[in-house]
Amino acid sequence: MEGCVGSCGLMQPSLFCCIDPGASGGYVLRRPDGKVVELAAYHESGDIVKLCAFLKANNVSVFPVVGVIERVWASPVMGVAAAFAFGENFGAWVMALKVSGMPVYGVTPQAWQKVSAPQIGGQGPERKRALKALAVERYPELKPTLAICDALLISDYAVAQLKAGKALGDEL
């Protein structure tokens, strides 16, 4: 099965790098046992490069780091500059992870939210606030912000998919 980890033929990952590629997004480094190693918002492309250099230095073929990134597209309501910046961010993350030697899987918001937040409804800012509230409820000690809540819930998705032996998403 495409995008499967563990029981589906790829080596067990040592770490997931889960990413919300939005302009005010964040990333979470999480072990398959569920322990969050690091989470942070990112502010510029230099943050992406520093993280990938760290991951590359700690990536070994027996226990690889696996990237899981939210696969979204520009919205018709976005302005041209915002849509371009969004695509640039997504591309920068995918390229940096791949150059660092990591397999990268794209997961749609619908797919990860169905697994990690099936009870959350609404749209737009209302939904985003509800997702943040869910992340805060699950991980109060981590003090999730709007910038990192999606990445944290994407990491819930990655751990759940691994445990179930299911696909992480489409390999990018």
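Residues numbered from 1 in each chain as written. Predicted model: local features only at pLDDT ≥ 70, side-chain atom pairs only at ≥ 80, totals over all residues. Heavy atoms only, no water.

Counting its secondary structure elements, the chain contains five helices and six strands. When its helices and strands are written in sequence order, the chain yields β-β-β-α-β-α-β-α-α-α-β. For the chain, buried positions account for 45% of its 172 residues. Intrachain contacts of the chain at a sequence separation of at least 6 include 64% that bridge at least 24 residues. In the structure as shown, the chain presents an accessible area of about 8600 Å², 60% of it carried by carbon and sulfur atoms. (Helix = DSSP H or I, 4+ residues; strand = E, 2+ residues; numbered from the N terminus. Buried < 20%, exposed > 50% of the residue type's maximum accessible area, 1.4 Å probe, protein only. Contact = heavy atoms within 4.5 Å. Areas by Shrake-Rupley, 256 points an atom, 1.4 Å probe, with all protein chains shown as cover.)

This next bit is on the sheet that holds strand E2 (residues 26-30). Spatial ordering of the open sheet is given by E3-E2-E1-E4-E5-E6, a layout of six strands whose pairing is mixed. Strands at the two margins of the open sheet, each flanked by one partner only, are strand E3 (36-41) and strand E6 (170-171). Bridge analysis of strand E5 (residues 104-107) against E6 gives two bridges, and the strand direction is antiparallel. Among the inter-strand pairings, Tyr105 is bridged to a residue of E6, identified as Glu171. Against the sheet, helix H5 (residues 146-164) contacts strand E1 (15-19), E2, E3, strand E4 (65-70) and E5, and its axis sits at roughly 35° relative to E2. (Pairing = 2+ DSSP bridges. Axes fitted to C-alpha atoms, helices over the stretch in contact; angles between N-to-C directions.)

According to the stated counting rule, one finds two aromatic pairs in the structure shown. Here Tyr27 and Trp93 contribute two aromatic rings whose centre-to-centre distance is 6.1 Å and whose plane-to-plane angle is 55°, an arrangement assigned as tilted. Linking Tyr27 in strand E2 with Trp93 in helix H2 (residues 80-99), this pair joins segments that are 66 residues apart in sequence. The buried category is assigned to Tyr27, whose relative accessible area is 8%. The class for Trp93 is buried, based on a relative accessible area of 0%. (Phe/Tyr/Trp six-rings, centres within 6.5 Å; stacked < 30°, edge-to-face > 60°.)

This part is about the environment of Pro144. Along the chain, Pro144 falls in the loop between helix H4 (124-138) and H5. Residues Pro144 and Lys132, spaced twelve residues apart in sequence, show a C-alpha to C-alpha distance of 7.0 Å. Among residues more than four places away in sequence, those in contact with Pro144 are Lys132, Ala135, Val136, Tyr139 and Leu152.

Generally speaking, nonpolar side chains in soluble globular proteins are found buried as a group. Ranked by size, the top nonpolar core spans 25 residues in total, and within it Phe16, Val68, Trp112 and Leu168 carry the most contacts. Counting only elements with at least two residues in this core, the list comes to E1, E4, E5, H4 and H5. At nine residues, the largest contribution of residues to this core is made by H5. Counting 19 residues, the second-largest nonpolar core is a separate cluster that includes Tyr27, Leu29, Ile69 and Ala96. (Core = buried A, V, L, I, M, F, W, Y, C linked by side-chain atoms within 4.5 Å.)

This part takes up the pattern of salt bridges. Scanning all chains against the criterion turns up five salt bridges. Asp20 is the partner of Lys128 in a salt bridge, and the nearest nitrogen-oxygen pair spans 3.8 Å. Here Lys128, found in helix H4, pairs with Asp20, found in the loop between E1 and E2; they are 108 residues apart in sequence, far enough to count as distant. Overall, Lys128 belongs to the partly exposed group, its relative accessible area being 24%. Notably, a salt bridge pairs Lys128 with Asp150, separated by 3.1 Å at the nearest N-O pair. Separated by 22 residues along the polypeptide, Lys128 in helix H4 and Asp150 in helix H5 bring together distant segments of the chain. Here Asp150 falls in the buried class, since its relative accessible area comes to 7%. The network of salt bridges with shared partners includes Asp20, Lys128 and Asp150. (Salt bridge = Lys/Arg side-chain N within 4 Å of Asp/Glu carboxyl O.)

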